[in-house]
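Working through the structure, step by step
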Protein chains: 2
Amino acid sequence: MCSTNQLWKVNEVAHLLHIDSSIRGDGSVSRKLTARAAAVWRAAHPGGTVTYRDLGRDPLPHLDAAGGMARILPRDQHTAAEAESWALTELLISEVKEADTIVLGLPLYNFGAPSSVKAWVDHLIAPGLAIDLETHTGLLSGRDFVVLASRGGGYGAGTPREGWDHAEPWLPHGLAATGLEPRFIAAELTLAEVTPAMAELIPLAAKSLAAAEQEIDGLWSPASALA
Amino acid sequence: MCSTNQLWKVNEVAHLLHIDSSIRGDGSVSRKLTARAAAVWRAAHPGGTVTYRDLGRDPLPHLDAAGGMARILPRDQHTAAEAESWALTELLISEVKEADTIVLGLPLYNFGAPSSVKAWVDHLIAPGLAIDLETHTGLLSGRDFVVLASRGGGYGAGTPREGWDHAEPWLPHGLAATGLEPRFIAAELTLAEVTPAMAELIPLAAKSLAAAEQEIDGLWSPASALA
């Protein structure tokens, strides 16, 4: 027997939105992790389709004085720049709405999210499209949103820089109005391999990466997709 | 009698770097606050000079896959895109180095700093220019760095969204490597005036703004500049 939710999954074509944001290429840990997650998802969803967006290679424009108010102003008052910015917001939100699963790579740069990820979030906070105008509830809820975070150092409880990761605590707040609720899998100490002063942390880094990979490998399974 | 530090202030031409980042024009609270601070600074420093940068009207490019690694890679290995990105970093850091005082407007968008402010910080984290290659100490220290923060809501202790301001806690960490140490003056609840559901908070918003303005008015005085 299938629940309503499971019927939906069986009857619709599963769709993944895969987003990277690292400015690195082959050296990127977050890109490796999102690629691994996408492979696990594909194996679990034969026939599933994927949209790929690369915020690191093709960053979205910042919200700026020319077009940035588009999401607040009524559409019939939009200038040309605001109409262009709104059209991009419509595209980005349609990418999210078409997906039942989202995988986002989130490296930590200078203790914050990449500016390109902030710009993506800023585009999504759109009343009428991502937030119900009457009820103020989020219209993007109900998706599985997996964030694969990579951090050069370690910022957990008891570490010298505890609390210096400002990306993971921010993202759920930044997206709260839309109903998107990220769950995080993180690899820490990724700079240990290439930073002499962090050499003694290499085993911890390897452990963190292995744990993240193991968690990714268990994210979706063919059995659960067809259950 | 003058201390060494005071002699320096008298003998050199005082220089202010004034930065805005709001995407709003006349309606921007942070722009009003930075303008007020710049006026106070000019009154206290006759003959002082000012550099103005508007991240809201002319955002800096995001660090991206094409040029973003410029600050990590050796200059003689730079691609054309990396050389261009590095040249912008040189310009931005020279603006900071020329200033003895910096005023930055920092609105809160979707619970984080504007993406354009993140891009500015990302450009400043440049080993060799802003961070000493040998000692790893910051080369931009010793400046008075005043951040005028504006927040649509209230996120202090005891409020329902305590901890949802991710801009002010992040900025000192983001810039720590450079030696720049921001001090903050904030106006909260700036959306109370235009948000019906926040109407009862209008008096608190007015109080917060008045306190910020009073603090700005006392930042610098002609007497202290010439003492």
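Just above, that's the structure.
An account of the accompanying structure is given in this report. (Residues numbered from 1 in each chain as written. Chains lettered and ligands numbered in written order. Predicted model: local features only at pLDDT ≥ 70, side-chain atom pairs only at ≥ 80, totals over all residues. Heavy atoms only, no water.)

Some remarks on the relation of the copies chain B and chain A
Mapping chain B onto chain A leaves a residual RMSD of 0.0 Å; the transformation is a rotation of 180 degrees accompanied by 0.0 Å of translation along its axis. Classification of the inter-copy transformation places it as that of a two-fold axis. The C-alpha atom lying nearest the rotation axis in chain B is that of S115(B); the distance is 2.4 Å. (Least-squares fit on C-alpha atoms with pLDDT ≥ 70 in both.)

A few points about the pattern of salt bridges
Between side chains of opposite charge, pairing is possible as soon as their charged atoms come close. All names here are of chain B. Under the counting rule described, the total for this entry stands at 24 salt bridges over all chains. The partner of D54 in a salt bridge is R31, with the nearest N and O atoms 2.9 Å apart. Pair noted here: D54 is in strand β2 (residues 49-54) and R31 is in helix α2 (residues 29-44), with a separation of 23 residues, a long-range link. Overall, the relative accessible area of 8% leaves D54 in the buried class. (Salt bridge = Lys/Arg side-chain N within 4 Å of Asp/Glu carboxyl O. Helix = DSSP H or I, 4+ residues; strand = E, 2+ residues; numbered from the N terminus. Buried < 20%, exposed > 50% of the residue type's maximum accessible area, 1.4 Å probe, protein only.)

Regarding the interface of chain B and chain A
Each partner contributes to the interface: chain B provides 35 residues, whereas chain A provides 35 residues. Linking chain B to chain A there are zero salt bridges. At the junction of chain B and chain A, the tally comes to 20 residue pairs in polar contact (both at pLDDT 80 or more). Those elements giving two or more residues to the side of chain B that touches chain A turn out to be α4 (115-124) and α5 (170-175) of chain B. By residue number, the principal contributor to the side of chain B that touches chain A is α4(B), which donates six residues. (Contact = heavy atoms within 4.5 Å. Polar contact = N/O pair within 3.5 Å; in protein donor to acceptor, adjacent residues only side chain to side chain.)

As for the sheet that holds β2(B)
Residue and element names in this part refer to chain B. Spatial ordering of the open sheet is given by β2-β1-β3-β4-β5, a layout of five strands whose pairing is parallel. Each edge of the open sheet carries a strand with a single partner, namely β2 and β5 (182-187). Across the sheet, the mean angle from the axis of one strand to that of its neighbour is 15 degrees, orientation sign disregarded. Pairing analysis gives six bridges linking strand β1 (residues 15-20) to β2, with the strands arranged parallel. Among the inter-strand pairings, L17 is bridged to a residue of β2, identified as T51. Contacts from helix α3 (residues 80-98) reach β1, β2 and β3 (101-107), with the element oriented near 145 degrees to β2. Of the strands in this sheet, β4 (144-150) and β5 touch helix α6 (residues 202-217), which is tilted by about 140 degrees from β5. (Pairing = 2+ DSSP bridges. Axes fitted to C-alpha atoms, helices over the stretch in contact; angles between N-to-C directions.)

Regarding the pairing of β3(B)
All names here are of chain B. Most of β3 is tucked away: seven of the seven residues are buried. The two faces of β3 match: T101, V103, G105 and P107 on one face and I102, L104 and L106 on the other face are all buried. As paired elements, β1 and β3 share four bridges and run parallel to each other. Bridge pairing links H18 to V103 in β3. As judged from the seven bridges shared by β3 and β4, these two strands associate in the parallel manner. Each residue of the ladder has a partner; that of L104, found in β4, is V147. Chirality of the crossover, the property in question, places the unit of β3, α4 and β4 among those that are right-handed. (Right-handed = clockwise from strand over helix to strand, strands pointing away.)

A look at the pairing of β1(B)
The element β1(B) is extensively covered by neighbouring structure, given that six of its six residues are classed as buried. What you see with β1(B) is no split at all: H15(B), L17(B) and I19(B) on one side and L16(B), H18(B) and D20(B) on the other are buried throughout.

Regarding the side chain of R151(A)
Residue and element names in this part refer to chain A. Structurally, R151 can be placed in the loop between β4 (144-150) and α5 (170-175). On the basis of relative accessibility, which here comes to 8%, the residue R151 falls in the buried class. Excluding residues within four positions of it along the chain, R151 makes contact with L108, D165, E168, A186, A187, E188, L189 and T190.

A short note on the sheet that holds strand β1 (residues 15-20) of chain A
Residues and elements named next belong to chain A. What the five strands build is an open sheet, ordered β2-β1-β3-β4-β5; its pairing is parallel. With one partner strand each, in any of the chains shown, β2 (49-54) and β5 (182-187) form the two edges of the open sheet. In this sheet, adjacent strand axes meet at a mean angle of 15 degrees when their direction is disregarded. By the bridge criterion, six bridges tie β4 to β5 in an arrangement that is parallel. If you follow L148 over to β5, its bridge partner there is I185. Contacts between helix α3 (residues 80-98) and the sheet are confined to β1, β2 and β3 (101-107), with β2 contributing the most and set at about 145 degrees to the helix.

Re the packing of aromatic side chains
Per the stated rule, a full pass over the model turns up six aromatic pairs over all chains. Note on F111(B) and W164(B): the rings are 4.9 Å apart at their centroids and 80 degrees apart in plane angle, and the pair reads as edge-to-face. With F111(B) in the loop between β3 and α4 and W164(B) in the loop between β4 and α5, this residue pair connects regions lying 53 residues apart in the sequence. For F111(B), a relative accessible area of 13% puts it in the buried group. Put simply, the rings of F111(A), Y155(A) and W164(A) touch in pairs and so form one group of aromatic residues. Above the ring of W164(A), the side-chain terminus of R161(A) is found at 4.5 Å from the ring centroid. (Phe/Tyr/Trp six-rings, centres within 6.5 Å; stacked < 30°, edge-to-face > 60°. Lys NZ or Arg CZ within 6 Å of the ring centre and 35° of its normal.)

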